[in-house]
Amino acid sequence: MRKYLLLSAVLLSGAAASAWLMTQAGAETSARPESADLGQGEKLYQSYCASCHGANLEGQPDWRSPGPDGALPAPPHDETGHTWHHSDSVLFDYTKLGGKAALAAQGVDFESGMPGFGDQLSDDQIWNILAYIKSTWPDRQRQIQAERSAAEAQREGN
Ligand code: HEC
């Protein structure tokens, strides 16, 4: 229970999320490609992510409640979820390292159901998948997420 609360605090609360974001300096984030390949991103999303996050980015049913094993289901990546609340570098690290390692780097011990894809996907491929996910959001969500990413990049000096 405590772990679930911790993660909820990290992922769901805006204040906690920005505190978490501020500790992101030095994370594994790599430079993204100059221009995203949305077609490739969509194909890779369907092959690597859709089985859990849904073919239409709808996530798993009851994604806000932990399952019988205490783990959280996969959240939607569309605008009904909270993916757009996170900066680019958070989304990148979560995808590359997996939930457990990404949170461990922040001192949070959590058995995440989100696997790491760093040994299956190149950095460019991960950026293309994220670009595809973002391309499905309405303007407002895209704008908020872009501003958050820019503010964080500035704090980190890159
Ligand atoms: C085996 C199921 C599974 C697969 C496959 C999977 N995920 Fe996840 N993912 C999860 C679960 C479960 C969570 C929620 C638990 C957590 O946040 O630790 C999650 C959380 C996330 C998050 C952070 C939460 C948020 O705010 O959206 C991101 C980003 C993410 N996944 C991206 C991806 C991408 C990109 C792919 C494909 C490359 C992918 N996932 C494939 C299960 C999966």
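Scroll up a little and you will see the structure.
Residues numbered from 1 in each chain as written. Predicted model: local features only at pLDDT ≥ 70, side-chain atom pairs only at ≥ 80, totals over all residues.

A. Main features of unusual backbone geometry. The backbone of Leu57 sits at a positive phi, close to 60°, despite the residue not being glycine. In this fold, Leu57 is placed in the loop between helix H4 (50-53) and helix H5 (88-97). Using a count of 21 C-beta atoms within 10 Å as the deciding quantity, one classes Leu57 as buried. A positive phi angle is found at Asp62, which is not glycine, with a value near 50°. Residue classification places Asp62 among the exposed residues on the basis of 10 C-beta atoms within 10 Å. (Helix = DSSP H or I, 4+ residues; strand = E, 2+ residues; numbered from the N terminus. Buried ≥ 20, exposed ≤ 12 C-beta atoms within 10 Å, placed from the backbone.)

B. Region of interest: the site of the ligand. Taken together, the neighbourhood of the ligand is formed by 25 residues, with Cys49, Cys52, Gly99, Ser112 and Gly113 sitting nearest. For the shell around the ligand, the secondary-structure elements that each account for two or more residues are H4 and H5. Residues belonging to the shell around the ligand are distributed by class as follows: 14 nonpolar, eleven polar and no charged. (Near = placed C-beta within 6 Å. Nonpolar A, V, L, I, M, F, W, Y, C, P; charged D, E, K, R; others polar.)

C. Region of interest: H5. The element H5 is extensively covered by neighbouring structure, given that ten of its ten residues are classed as buried. Three or more residues of H5 are buried, namely Asp88, Ser89, Val90, Leu91, Phe92, Asp93, Tyr94, Thr95, Lys96 and Leu97. One or two residues past the end of H5 sits Gly98, with phi positive at roughly 90°.

Read these as geometric descriptors, not functional statements.
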